[in-house]
Structures are given as structure tokens and as C-alpha cells.
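So the chains spell out like this:
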Amino acid sequence: SRMNQHELLDGLFEALRDGEDFEWDEILDYIQNIIDDDAFWEEEYSEFNYRDWIIARIADIIEEKTRNDDNPFKMELLSKVSTVIIKLAGKSDSELYPMGDIVTSVLNSPKGKIYLAMLNFSLSYARLYRKDDEDKWYDSIKLCIEKKLDNPPVELLVVLAEYLRFICYIDKNWIIKNIDKIFSDVYWEETFTGYIIYHVNPFYEEIYKLVKNKGYYDKAIKTDFEDKEVVKSLVYQICSAYF
């Protein structure tokens, strides 16, 4: 049942977070079988939305597994992992629950968790297998993100803005090429909020100059942000840059 599938994945996540590890080949096949089933995406829920919970836990598992390099996915499993993430990103609905601010809402949503997993997977791959390359992307993930940027969901923009300094490590030229798509008028306030909250301390001069030269700080100064913590962070960062 969907309830049991969620409980199994939840148990795997909790064990992983507690330092356990597993043989992942069959687990990834099990996950793939769930999300390849059309019925999984067509089911309607009136009370407990197990589909969203299952999606969120799959994303949590991948993010946790790729957060550090102590026990990485084996090279031969990366294709399976990327296929799962890309499938989830393509099929999942945008479902934001009000949690006080847009960043918290995004990071706790199923789609937000998918993009967090996508970026952590990309960083893990870059550190382990492409650290001496200028372009460290996993190609299918890069292509997926670029396609999504043509009509981006708010979750993708907020997560990209949050991870801007890390993506700069993966491929600085990619950031320069796509920064206008990330900070577009679509979800501008939400995107800048995701950026400024996570780039206050420590201060990254290179990222600051890139964003400043695009005129986004000028625009932010003129924006009446609903979240006043954004205003505090904005002032703090501009003062840090000045000093």
C-alpha cells in the first residue's frame, strides 16, 4: 500500500540519517517501480496525500545520501539516481504549504525537496568525479534545469538562488549565462528572498559583485518585501560589501 511504501522509505531515511548505509541497487529499482507506475500519479487523495509524502521522502533520501562524500553512490548507480530525480521533477505538482515565509515553504515542499536533491547530487558528482574540470555538471541534470528555466516553478528559482555560490563551484560560466533567467520578473521577490537569506554570512564578494552588476540590489532596495528579515539581510550585506 502507499502507506507502507511511505513508511518503508521513511525508515530508510531515518536509518541513513543515523549513519546506516545500504546496498542501493535494489532500493533504487524499488523507487523506480513506484514512480514508473501511472497509477501513482493518477490517484486522488482526499485526506492523507501519500504521493507527496513518498516523493518528499525519496528526495530526502537522495539529498541525505549526497550531502557528504563519506559513503557516496557508486559511479554505476548515478544514472539510476539522476533518472529518479528528473522523473520526479517532471511529474510532481507544485504544492506549497504556508509555513511563515517563502523559503521555509519551498524547502519543505515536495518539489522544493526534489530540487534540493538535484543540486546536492550535482555537487556530490562535481566533488567526486569532476573537481578539476571547469564544467562539473552531471549532463542530464544540467539539461533538465535548463529546460525548466524556460518556464520555471517557484521552487526551482528559490533553490537555485539559495545554492548560487555552490553552483558557481560547479560552473561559474553557467551562472553568468543564466542569472537573468534565475532573477527574472517571474517570482522576483521569492527568488531574491531565497538568495539574500542564504548569502548574508559569510559574505561572498564574487557572488555579490555578479548580482550587484546586474542591478538586482538596486531593484531589491526599491522592493517592498513582505518578509522584513529580507530587508535586514539586504542592509547587512550591502554594509558588509561597503566595508
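The following refers to the structure shown. Keep in mind that what you see is a predicted model, and the values were worked out from it rather than measured.

Another point: the packing of aromatic side chains. According to the stated counting rule, one finds 23 aromatic pairs in the structure shown. Through successive ring pairs, a cluster of aromatic residues spans F183, W188, F192, Y195, Y208, Y216, Y217 and F225. The side chain of K136 reaches across the aromatic face of Y169, ending 4.8 Å from its centre. Across from the ring centre of W188, 4.5 Å away, lies the NZ or CZ of K219, which sits over that ring.

Counting residues in each nonpolar core, the largest one holds 75 residues, and the members touching the most others are I58, I145, F183, F192, Y195 and V211. At ten residues, helix α7 (residues 110-129) tops the list of elements feeding residues into this core. The contact partners of F192, leaving out residues within four places of it in the chain, are F183, V211, Y216, Y217, A220, F225 and L234.

Together, M75, L128 and Y129 make up a nonpolar patch on the protein surface, roughly 250 Å² of accessible area in all. Along the chain, M75 turns up in the loop between α4 (50-66) and α5 (78-91).

Interhelical geometry of helix α9 (residues 154-162) versus helix α11 (residues 188-197) gives an angle of 30 degrees and a closest axis separation of 7 Å. When the interaxial angle is binned, α9 and α11 end up roughly parallel. Like other packed secondary-structure pairs, α9 and α11 cross with a definite hand, here right-handed. Of α11, the residues touching α9 (which contributes V154, L157, V158, A161 and E162) are E190, T191, G194 and Y195. Along the lines of polarity and charge, the residues of the contact of α9 with α11 split into five nonpolar, two polar and two charged.

Our next topic: the side chain of D60. Mapped onto the elements of the fold, D60 is located in helix α4. Polar side-chain contacts of D60 include one of 3.1 Å to the side chain of K113. Excluding its chain neighbours within four sequence positions, the residues that come into contact with D60 are F13 and K113.

Our focus in this paragraph is the side chain of S109. With respect to the secondary-structure elements, S109 resides in the loop between α6 (102-107) and α7. Under the relative-accessibility criterion, S109 is labelled buried at 0%. Here G112 takes part through its backbone nitrogen, which lies 3.0 Å from a polar atom of the side chain of S109. If sequence neighbours within four positions are ignored, S109 has contacts with E95, L96 and E155.

As a further point, take the pattern of salt bridges. Applying the stated rule across the entire model yields 23 salt bridges. Close ionic contact of R2 with E43 constitutes a salt bridge, the shortest N to O distance being 3.0 Å. One end of the pair, R2, is in helix α1 (residues 2-17); the other, E43, is in the loop between α3 (38-42) and α4, with 41 residues separating them in the sequence. You can call R2 buried: its relative accessible area is 15%. For E43, a relative accessible area of 26% corresponds to the partly exposed category. In this structure, a network of salt bridges that share partners links the residues D10, R57, D60 and K113.

Counted residue by residue, α9 has nine buried out of nine residues, so it is predominantly covered. What α9 keeps buried is the set V154, E155, L156, L157, V158, V159, L160, A161 and E162.

Further remarks concern the packing of helix α10 (residues 164-182) against helix α12 (residues 205-213). In the contact formed by α10 and α12, the axes pass within 12 Å of each other and the chain directions differ by 20 degrees. On the basis of the axis angle, α10 is roughly parallel to α12. Handedness of the crossing formed by α10 with α12: left-handed. Judged by residue contacts, L164, R165, C168, K172, I175, I176 and I179 of α10 engage E206, I207, L210 and V211 from α12. Split into classes, the residues belonging to the contact of α10 with α12 amount to eight nonpolar, no polar and three charged.

Criteria and cut-off values
- Residues numbered from 1 in each chain as written.
- Predicted model: local features only at pLDDT ≥ 70, side-chain atom pairs only at ≥ 80, totals over all residues.
- Heavy atoms only, no water.
- Phe/Tyr/Trp six-rings, centres within 6.5 Å; stacked < 30°, edge-to-face > 60°.
- Lys NZ or Arg CZ within 6 Å of the ring centre and 35° of its normal.
- Core = buried A, V, L, I, M, F, W, Y, C linked by side-chain atoms within 4.5 Å.
- Buried < 20%, exposed > 50% of the residue type's maximum accessible area, 1.4 Å probe, protein only.
- Helix = DSSP H or I, 4+ residues; strand = E, 2+ residues; numbered from the N terminus.
- Contact = heavy atoms within 4.5 Å.
- Patch = residues over 30% accessible without salt bridge, like charges linked within 9 Å, V, L, I, M, F, W, Y side chains within 5 Å.
- Areas by Shrake-Rupley, 256 points an atom, 1.4 Å probe, with all protein chains shown as cover.
- Salt bridge = Lys/Arg side-chain N within 4 Å of Asp/Glu carboxyl O.
- Axes fitted to C-alpha atoms, helices over the stretch in contact; angles between N-to-C directions.
- Parallel < 35°, antiparallel > 145°, perpendicular 65-115°, else oblique.
- Left-handed = near helix turned anticlockwise from the far one by under 90°.
- Nonpolar A, V, L, I, M, F, W, Y, C, P; charged D, E, K, R; others polar.
- Polar contact = N/O pair within 3.5 Å; in protein donor to acceptor, adjacent residues only side chain to side chain.

The values are spatial; any link to function lies outside them.
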